[in-house]
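Results of the structural survey
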Amino acid sequence: MITFITRRLFFQTVPSLFLIVTVAFFLIRLAPGGPFASEKSISPEVLKQLNTHYGLDKPILVQYTDYLKNVVRGDLGPSFKYPGRNVTELIAEAFPVSLELGVYALLFAILAGIGAGLLAASKPGGARDYLSTILSTSGICIPSFVLGPLLVLLFGLKLGLVNVSGWSSASDRILPSLSLGMVYVAYIARLTRGGLLETMVQDYIRTARAKGIPESTVMIKHALRGALLPVVSFLGPAAAGLITGSFVVETIFSIPGLGRFFVTAAFNRDYTMIMGTVIFYAIVIIFFNTLVDITQALLDPRLRSKLNEKA
Amino acid sequence: MNYASRFFLLPVLCFFLISFHINCTSRTSPVDSGIKTGTLHFGNQTEPQDLDPQIVTGVPEFHILEALFEGLVILDPRTLEPLPGAARSWDITSDGLIYTFHLRSSARWSNGDPVKASDFLFSFQRILSPALGAEYAYMLYGIKNAREFNTSEISDFSRVGVSAPDDTTLVINLGKPVPYFLSLVAHHSWFPVHPATILKHGKIDTRGSAWTRPGNLIGNGPFKLTDWEVNRIISVEKNPFYWDSSEIKLSKIHFFPLENNMTEERAFRTGQLHITANLPPQKIAWYRENRPEVLRIDPYLGTYYYLVNVNKKPLDNVNVRRALSLAIDRKSLTDNLLKGGQIPAVCFTPPNAGGYSFEPTVRFDTTEARRLLAEAGYGPSNPFPSVTLLYNTSESHHLIAQAVQQMWKKYLGIDVVLLNQEWKVYLSSTQEKNYDIARMGWISDYDDPNSFLDMWVTGGGNNRTGWSNSAYDSLIELASITNNKEIRFGHFRKAESILLSELPVIPVYFYTNVYLLHPSVKGWEPNLLNIHNYKFISLE
C-alpha cells in the first residue's frame, strides 16, 4: 500500500500539478483586461509602478519560472486585489469555513442519500421506490440557487427559525448545508439503489437469507457494503467539490468560504489568487481520488489484490 | 416504519429538532439588541480591498475609513459644506492659493499620540511616493509640485507645496486655485496615517504591509478597528482618544460584506441589518407599497451614459450622434424600467453639483431625430449600418440596452447589436476603443462640476471616445485657473454646451442611491456624495 501511495505521488501527482500550474498560468494571462484595469483611468506612471511591484513588467517566461520557484517554496504570492494579504493566508482563513460547511453537507448527503437508496431498494417498484425516485429527481433538478432562497423563505423569513445569512451561530450551518448537500443526496440515493438492486441478486445474499438472517441485517450488513462501491467512487470528487466551497451557496448565505474566491479571483484577474485556488483545488481532488482508491480496496478484496499486484 | 425509513428520516428529524430548539430559545434580532447597545449593523456590499486610505478606491472601503480616520475637514452630511475635522479652523489667502490649517491640539491617534501637522506631511509624502502606486494620488495634484513628485520628475519632497511650521499648523500651497479644495480635502486620499505604525511594518512607500490589521491599525477617527474577518465582518468600536468622543453616540459598528443584494435585503427584513447598501430594483415597488418608512431614495452625484466612439463610421457624424440621443425616451426608461427614482439626464452634469446646474438641453424628439439622420445621408436608399452597443454583463445594463435598442429600431429604423462582456474584458474593450457605443457610469468623488467635465478634454484618461475639441479644452483650462465661482461656472456652462452639441457621450439618467434604513437610525442625512459621518449617527 505504501508503495502504491509513493508511486501515485511521484508519478502521477507531481506531473499532474506541474501541468495544471503551467496551463492555468498561461491561460489566465490570455484573458483580456489586467488586474489593475478599472473604470476610472489609472495614470501610466501608477500602472507602471503597480506592474513593477507585482513583477508583471518582467517577460512572461521569467514570471512563470519565478512563480514556480515560489510555489515550490510554499509561497503563493500576494493577492493583487487585496494588497495587504497573501494568497496562502486568504486560503488558510477561508478553507476551514468551506471545510466545515462541506463536511455537514456531505454528512447530510450520505445519511439522507443512502437512507433514500435503501428505502427505494427495499421494495423495488413499490410506492417507496417511486417516492424516493421523485425526491431524488427533484433534488437533482432543483439547483442550489433555487433551493437556497426557497429554504430561506420558509425557515428564515416565514417561520423565523434561523438567520437568513451569516456564519456565526450553530443554526447558521443548517440551511447552507441542506442547500449544498441536496443535489448529492439525489445522486447518492440513485447510486445506492442501483448498487443494492444489483447486489441483492448475488448468491451470497441468497445464502445469508437462507441462514435465516433478518432482512434488515442482510441489507445493511451484507448487501450495502458491496452496493456502496459506486457511491464511494462518486464521493471522492464530490467531497473535493463540497469541501472547497460553493460560490452559489456561499453568496446566497453570505458565508466567508473559499468558493467565492474561485469566481471573484477570475473576475478580478487576481492572477496569484486564481493560481492559488487552482493549485489548492487540484491538490484536494488528487488527495480524494487517492483516498477513494484506498477505500475501494478496503471495501472490495478483489480490488485490494489488484492494487497490491500493481504496487 | 422499517429500518430504511428510519435511516432516511434521521437527518430530517435532526434538522427539525435543532430548529425547534432554536425557536424555543427566545431570539432577539441583532437590530433590536443593537438599538440597546448602540451597535450599528451595516450592509457594506463587498469585502474591502484593504483599510489603507491611501491605497483603496472603492465606496465600501470609504464607508469603513470614515469611521477609522478623520481628514482636516469633514463634510456637513446635510449641505456637504466643510466643517472642522482634525483642523479646528483654516485661513485662505485672497488669491486662493495658500491654505493654512490650524490643527486641534486635543486631536489624538487611537493609541493616544497627538495628531501633528508633520503626520499630515508624512501622509502626503506617502501617497505621492511613486513606489506606493496609489491610484488616488492624483487627488493631491492641486498641491504645488505634487504631480511632479508623484511622476518622479522631482525627487525632493521639500519642493512639494506643503509645510508644517509647528505641530498644529499645516500650510498647503496650491499651484493654481482649486475652488473645491475643501471638498477634495475631505476625501479619504487626504486622510492622515500614523507614521510610526507605517514605519513599524515597512517603509514609507511599502504597498500592502500588515499595518491595517486589527491590533496594528492606528487611526485618528471616531472609531477604532477591533475585528476583521475576511468576507465575514469588520467591527469598529468607539475610540476613547478621539477629540470629540463625548459626542459619539454609537458604541460599535459592524460592517458586513453582503455582495448579493437579495441576501442583503433578506437580512434587513429579518432584523440583521440597520442599513443596506442597495436594494434590488425588483423590490422597490414592494417597499414603496408596503414599507415606505424604510425605503430611501437619495439623489447621487453620478451620471449613467453611453460613450460613442467618434472615430468609427457612421458615429463620426455629429448628426448621427444627435439623432441617437434624440431618439431615447429617458423618462420612459426611468419611470417604467428602472423605477428607482432616477432622473432622466437632460444634460451631463447632475443637478446641483457643487451648486452648479446646467439648463435642460437633451430632449426626446423623434421627428427631429429622423430629420437629422436623413441629413446625415441615411434613409431608405442608404440604410444605416448596424452598430454594436457594448455593456458589461449585468441584468440592469442589459435591460436598459434592450430598451434603447428597441427605441432606436422603432424611431429611427436602426439595427443595433447588443454585446455584453465580462467586466475586465469590457474595460479592456473601452480602453482600446474597440467598440461602437458603450455604456458607462461616472460617480464623482467630490462635489464640483469639474469632476464631470474635465474628463472630456483631449487625451484625458477617461475620455475613451476619441473626441477632441480645442474650444472645449480651453474652457476647461480657463475654469481651472479662476477662483471666481460665477466665472468658473460660466466656463463650465459653455463647455457643457459644446459637449452636448457634439455628443461624444449620450447622457441617459442621473443615479439615485436606493437602500433600506431602519427607523431607529437617526442622523442619517441624504446627500449627493453618500457620505455619512458616524459621529452624527445614533440609534433610538
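Predicted model only: the values in this text are computed from it and were never measured.

1. Here we look at helix α1 (residues 2–30) of chain A
Over its 29 residues, α1 of chain A extends 41 Å from the first C-alpha to the last, a length consistent with the 42 Å expected when each residue adds 1.5 Å. Leucine 9 of chain A marks where α1 of chain A bends most, by close to 35 degrees.

2. So, the interface of chain A and chain B
Taken together, the contacts link 53 residues of chain A with 52 residues of chain B. For the side of chain A that touches chain B, the secondary-structure elements that each account for two or more residues are α2 (44–53), α4 (87–122), α6 (144–158), α9 (215–227), α11 (247–252) and α12 (259–268) of chain A. Here the side of chain A that touches chain B takes twelve residues from α4 of chain A, the largest share from any one element. Here the side of chain A that touches chain B is built from residues that sort into 29 nonpolar, 17 polar and seven charged.

3. Brief notes about the sheet that holds strand β10 (residues 252–256) of chain B
What holds strands together in a sheet is hydrogen bonding between their backbones, with the strands either parallel or antiparallel. Residues and elements named next belong to chain B. Pairing is mixed across the open sheet formed by four strands, whose spatial order is β1-β10-β9-β8. In this open sheet, the two edge strands, each paired with only one partner strand, are β1 (39–43) and β8 (223–229). This sheet shows a mean twist of 20 degrees between the axes of neighbouring strands, independent of strand direction. One ladder, built from five bridges, connects β1 with β10; its direction is parallel. Its bridge partner lying in β10, phenylalanine 42 is registered against phenylalanine 255.

4. Some details on the confidence of the model for chain A
Looking at chain A as a whole, its pLDDT mean stands at 85, while 96% of the residues score no less than 70. Helix α3 (residues 60–72) of chain A holds the highest mean pLDDT among the elements of chain A, 92, whereas helix α14 (residues 301–310) of chain A holds the lowest, 62.

5. Side note on the pairing of β8 of chain B
Looking at chain direction, β8 of chain B and strand β9 (residues 233–238) of chain B are connected through six bridges and run antiparallel. Across the sheet, phenylalanine 223 of chain B pairs through a bridge with lysine 238 of chain B, a residue of β9 of chain B.

6. Points about unusual backbone geometry
In this structure, proline 314 of chain B follows lysine 313 of chain B across a cis peptide bond, with omega equal to 0 degrees. Among the secondary structure elements, proline 314 of chain B is positioned in the loop between β11 (295–308) and α10 (318–326). One non-glycine residue with positive phi stands out, namely arginine 269 of chain A, at about 55 degrees. Relative to the assigned elements, arginine 269 of chain A resides in the loop between α12 and α13 (271–299). With 24 C-beta atoms counted inside 10 Å, the residue arginine 269 of chain A sits in the buried group. Although it is not a glycine, lysine 433 of chain B adopts a positive phi angle of roughly 55 degrees. In this fold, lysine 433 of chain B is placed in the loop between α14 (423–431) and β15 (437–443).

The rules we used
Note on numbering: residues in each chain are counted from 1, in written sequence order. Both sets of labels track the order of writing: A upward for chains, 1 upward for ligands. Local features in this predicted model are restricted to residues whose pLDDT is 70 or higher, and side-chain atom pairs enter the listing and the counts only when it is 80 or higher, whereas totals over whole chains, interfaces and linings include all residues. Strands are runs of DSSP state E lasting at least 2 residues, helices are runs of H or I lasting at least 4, and numbering of each runs from the N terminus. In this analysis, the expected span of each helix is defined as 1.5 Å times one less than the number of residues it contains. To get the bend at a given residue, fit one axis to the seven residues ending there, fit another to the seven starting there, and take the angle between those axes. Any residue pair is listed as a contact if its two C-beta atoms, each placed from the backbone, are within 7 Å. Residues are grouped as follows: nonpolar covers Ala, Val, Leu, Ile, Met, Phe, Trp, Tyr, Cys and Pro; charged covers Asp, Glu, Lys and Arg; every other residue, Gly included, is treated as polar. DSSP bridges decide pairing: two strands pair if at least two such bridges lie between them. In this description, a line fitted to the C-alpha atoms serves as the axis of each element, helices being fitted only across the stretch in contact, and the angle between N-to-C directions of two axes falls anywhere from 0 to 180 degrees. Per-residue confidence from the predictor is reported as pLDDT, which spans 0 to 100. A residue is called partly exposed when the number of other C-beta atoms within 10 Å of its own lies between 12 and 20, exposed at 12 or fewer, and buried at 20 or more, with C-beta atoms placed from the backbone.

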